[in-house]
Amino acid sequence: MRELPLPLALTARLLPVAVLASAGWALSSGPFAATPAGEQDPARKNAAASGSGAGSDESAPSASAAAKAYSQAPSPCSGISEKTVKSLVPEAKTAGQEITSTDKAVRRTCSWNALKGFDYRWLDVSYEIKNSDDRALTAYEQRVKEKSGGGAVPGLGDTAYSVVNLTTEDKQQTREGAVIARVSNALVVVTYNGSDFESKKAPGTDEINKGAIKAAKEAVAALDDAQ
């Protein structure tokens, strides 16, 4: 095969995976604050003061103290099947590369990327565990707002959204799809993109969007399998 100099866009995308994936965390929310303790029901305070029904009141959990649906992030590299990795990222190592995280209990991500001939693909799967459903919903809405122009993905998690964008740099096109799904107090974020460095064209919108949604469905299913 004839050798051609790699364009700047390809050179940038073939930097260490940790550098590429770190850009995805720019949209993440701030530090994880502790969930406030639930306030005691005034009626229960009165009952306790009068000495009536104290046993049952003390044993009843408050609504705000209810256990989170997901207490930790699952292994992100196990969230996508080998078959799907081979389909979406030809020539990539199916084991993937987990990115270093400061706290694996709340945030984990895995990347797959490969160049087959001149055809490049990159897949990123991330899990984020929030302290409550409300915090997860707030983070989800913020992500959707920042990535406007897409649409809802019915039947995926509690709520999900997908968007596809085309960028051009040095006449090289890259098409990227993102899917953001919320399941209770967890967020699943999938990024999938591709470029052809011979034709300088990008894969079609439908291909990228369907690929990102397929990966997101598997990643969401892996949440329950990991519990």
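Each chain carries its own residue numbering, running from 1 in the direction its sequence is written. The model is predicted, so local features are restricted to residues of pLDDT at least 70 and side-chain atom pairs to those at 80 or more, both for listing and for counting; the totals for chains, interfaces and linings are taken over all residues. Side-chain measures here rest on the full set of heavy atoms in the structure, leaving out hydrogens and waters.

Comments concerning the environment of Lys-130
Working step 1: Only DSSP runs of H or I covering at least 4 residues are called helices, and only runs of E covering at least 2 are called strands; the numbering of each starts at the N terminus. Relative to the helices and strands, Lys-130 resides in the loop between strand E3 (119-129) and helix H6 (133-146).
Working step 2: Distance from Lys-130 to Ser-71, taken between C-alpha atoms, is 8.6 Å for residues 59 residues apart in sequence.

A look at the pattern of salt bridges
Working step 1: Think of a salt bridge as a Lys or Arg side-chain nitrogen and an Asp or Glu carboxyl oxygen that are within 4 Å of each other. Taken as a whole and judged by the stated rule, the model has seven salt bridges.
Working step 2: In this structure, the salt-bridge partner of Glu-207 is Arg-121, at a minimum N-O distance of 3.1 Å. Here Glu-207 is found in helix H7 (residues 205-225), whereas its partner Arg-121 is found in strand E3, with 86 residues between them in sequence.
Working step 3: What you see here is one network of salt bridges that share partners, running through Asp-119, Arg-121 and Glu-207.

Some points on the nonpolar core
Working step 1: In these notes, a set of buried Ala, Val, Leu, Ile, Met, Phe, Trp, Tyr and Cys residues joined through side-chain atoms within 4.5 Å is what counts as a nonpolar core. Buried residues are those whose accessible area, probed at 1.4 Å on protein chains only, stays under 20% of the maximum for their type, while exposed residues exceed 50% and partly exposed ones sit between those limits. In this structure, Trp-112, Leu-123 and Val-190 are the most contacted members of the largest nonpolar core, which totals 34 residues.
Working step 2: Of all elements in the fold, only helix H5 (82-88), strand E2 (107-116), E3, strand E6 (172-183), strand E7 (186-196) and H7 reach the threshold of two or more residues within this core.
Working step 3: By size, the runner-up hydrophobic cluster in this structure holds nine residues, among which are Ala-139, Tyr-140, Ile-180 and Val-189.

Some thoughts on the sheet that holds E6
Working step 1: Spatially, E1-E2-E3-E7-E6-E5-E4 is the arrangement adopted by the seven strands of the open sheet, whose pairing is antiparallel. Two strands in the sheet have a free side with no partner beyond their single neighbour: strand E1 (97-98) and strand E4 (151-152).
Working step 2: Strand pairing requires that DSSP identify at least two bridges connecting the strands. Where E6 meets E7, nine bridges bridge the pair, whose relative direction is antiparallel. Bridge pairing in E7 links Gly-177 to Tyr-192.
Working step 3: Contacts: residue pairs with any heavy atoms within 4.5 Å of one another. Only C-alpha atoms enter the line fits that serve as axes; for helices the fit covers just the stretch in contact. Angles between N-to-C directions range over 0 to 180 degrees. Of the strands in this sheet, E3, strand E5 (159-169), E6 and E7 touch H6, which is tilted by about 160 degrees from E6.
Working step 4: The sheet strands contacting H7 are E3, E5, E6 and E7, and the helix crosses E7 at an angle near 150 degrees.

So far we have only geometry, and geometry alone does not tell us how the molecule works.
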